[in-house]
Amino acid sequence: MIRSSRTGRGHADGGGRGAGAASAAVAVLALVAVTAGCRAEPAGSASAGPSAPPASSPADDGKPGADGTRSATPSASSEPSTKPKAPPRTTEPTPSADPRAEVLMATGSQGKRVRELQARLRQIGHFDRSPTGYYGSVTVAAVQSFQGKRGLARTGRTDSVTWQKLLGMTRTPTAAELNPPTTRPAAKPDKRCMTGRVICISKNSRTLSWMKDGTVLSSMDVRFGSQYTPTREGAFSVYWKSRHHVSSIYHTAMPYAMFFSGGQAVHYSSDFAARGYSGASHGCVNVRDEAKIASLFDQVRNGDKVVVY
């Protein structure tokens, strides 16, 4: 605006300068309004919603407002109502956690005791998948379900009271219940998996089978990349193993990585163990069970076949 006023017509009269200044002010205000609309506001901020009504506004048709006073707005009829009042509703008190109870397991816990907790919850229908040994959101929901059914505070944490109640309603899990081969039946192996040493991976059943000459030695649950970063299908071979690998692109841990196609590898995923199939990889084959992938890593050699179908 300044450049055009100096080079276009020389000196403008006073009215021109006033109009130009007004136009400039309007343009600046418009730019500010546009850019402010692009900025995300934190939840609960003053600009996140409409301003509160003035104090004189009626609150819920004459019901007490936030300050305990009634609105000055008259009712529709000044005649007293003859309709009988409904009795006040009563609600059951929400159980509170026993302050003497010791928290034994909670979000982030892992190990054999968590696996036993999951297996016991599965026996009575509160945990609908195989034990993982990791206390994630699915386990929290399962514990809350159990606590709610037994009249306990739904904290989602396994305290000593919850644990003793669960022990009294379940039996000691068997080895197969604690460490089932997979949560899903393994698919019939592809014909390319029937000879040699093969990591045979089925997208349909979402399982991985470690095979030697057509015999399945172990199976485990796996998940794959999303539609935007799909896991490649075909026959490959392991060309590099990295026990403590960290992705140079996404900067995430990829323990027990066995690379078979570019940057795609079979590896353990703590996110898979915690969230299950609600997530996805960036193209790799994620394994849920850390103990199984660790054992597989020790057995697989560079050059072993990988079949993804």
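Reference entry: report on the structure contained in this document. (Residues numbered from 1 in each chain as written. Predicted model: local features only at pLDDT ≥ 70, side-chain atom pairs only at ≥ 80, totals over all residues. Heavy atoms only, no water.)

## Observations regarding the pattern of salt bridges
Thinking step 1. Taken as a whole and judged by the stated rule, the model has 9 salt bridges.
Thinking step 2. Of the charged contacts, one joins Arg223 and Asp271 as a salt bridge, the two residues approaching to 2.7 Å between their closest N and O atoms. Residue Arg223 is located in strand 5 (residues 215-223), and its partner Asp271 is located in helix 7 (residues 270-275); the two are separated by 48 residues in the primary sequence.
Thinking step 3. Put simply, Arg275 and Asp271 hold a salt bridge, and the shortest N to O gap is 3.4 Å. Pair noted here: Arg275 and Asp271 are both in helix 7, with a separation of 4 residues, about one helical turn.
Thinking step 4. Look at Arg275 and you get partly exposed, because its relative accessible area is 38%.
Thinking step 5. Salt bridges sharing common partners tie together Arg223, Asp271 and Arg275. (Salt bridge = Lys/Arg side-chain N within 4 Å of Asp/Glu carboxyl O. Helix = DSSP H or I, 4+ residues; strand = E, 2+ residues; numbered from the N terminus. Buried < 20%, exposed > 50% of the residue type's maximum accessible area, 1.4 Å probe, protein only.)

## Details of the layout of surface pockets
Any empty space left between the atoms is revealed when a probe the size of a water molecule rolls over them.
Thinking step 1. As a volume, the largest pocket reaches approximately 550 Å³.
Thinking step 2. Lining the largest pocket are 27 residues, with Tyr250, Thr252, Met254, His267 and Cys284 positioned closest to its centre.
Thinking step 3. When residues of the lining of the largest pocket are traced back to their parent elements, those giving at least two are strand 7 (240-246), strand 8 (253-261), strand 9 (264-268) and helix 7.
Thinking step 4. Among the elements that line the lining of the largest pocket, the one with the most residues is strand 8, at 4 residues. (1 Å grid on protein atoms, 1.4 Å probe; cavity = no way out; pocket = protein on both sides within 12 Å on 5 of 7 lines; lining within 4 Å. Points joined across faces, edges and corners; volume = space filled by probe spheres on them.)

## Quick look at helix 5 (residues 160-169)
Because each turn of an α-helix spans 3.6 residues, side chains separated by three or four positions end up pointing in the same direction.
Thinking step 1. For helix 5, the set of buried residues is Thr162, Trp163 and Leu166. What you see down the axis of helix 5 is that its buried residues fit within an arc of 95°, all on one side. Across from the buried face of helix 5, at angles greater than 90 degrees, the exposed residues are Gln164 and Gly168.
Thinking step 2. The elements touched by buried residues of helix 5 are strand 1 (103-105), helix 3 (112-123), helix 4 (137-149) and strand 2 (158-159).
Thinking step 3. Where helix 5 begins, one side-chain oxygen reaches toward the backbone nitrogen of Val161, 3.2 Å away; that side chain belongs to Asp159. (Arc of directions from axis to C-beta. Contact = heavy atoms within 4.5 Å. Polar contact = N/O pair within 3.5 Å; in protein donor to acceptor, adjacent residues only side chain to side chain.)

## Description of the pairing of strand 3 (residues 197-202)
Thinking step 1. Counted residue by residue, strand 3 has 6 buried out of 6 residues, so it is predominantly covered.
Thinking step 2. Alternating positions in strand 3 separate into two faces, Arg197, Ile199 and Ile201 on one and Val198, Cys200 and Ser202 on the other, with burial throughout.
Thinking step 3. Count of turn residues in the strand 3/strand 4 (residues 207-212) antiparallel hairpin: 4 residues, of which Arg206 carries a positive phi of about 55°.
Thinking step 4. Sheet analysis places strand 3 next to strand 11 (residues 305-308), joined by 4 bridges and oriented parallel. (Pairing = 2+ DSSP bridges.)

## Brief notes about the nonpolar core
Thinking step 1. By size, the foremost hydrophobic cluster in this structure holds 24 residues, and its most contacted members are Ile199, Ile201, Met258 and Val266.
Thinking step 2. Listing elements by their share of this core, those giving two or more residues are strand 3, strand 4, strand 5, strand 8, strand 9, strand 10 (285-287), helix 8 (290-299) and strand 11.
Thinking step 3. It is helix 8 that provides the largest number of residues to this core, a total of 4 residues.
Thinking step 4. Filtering out sequence-adjacent residues up to four positions away, Met258 remains in contact with Ile199, Val238, Trp240, Lys241, Ala265, Val266, Ile293, Leu296, Phe297 and Val300.
Thinking step 5. With 12 residues, the next largest nonpolar core counts Leu121, Tyr135, Val140 and Ala142 among its residues. (Core = buried A, V, L, I, M, F, W, Y, C linked by side-chain atoms within 4.5 Å.)

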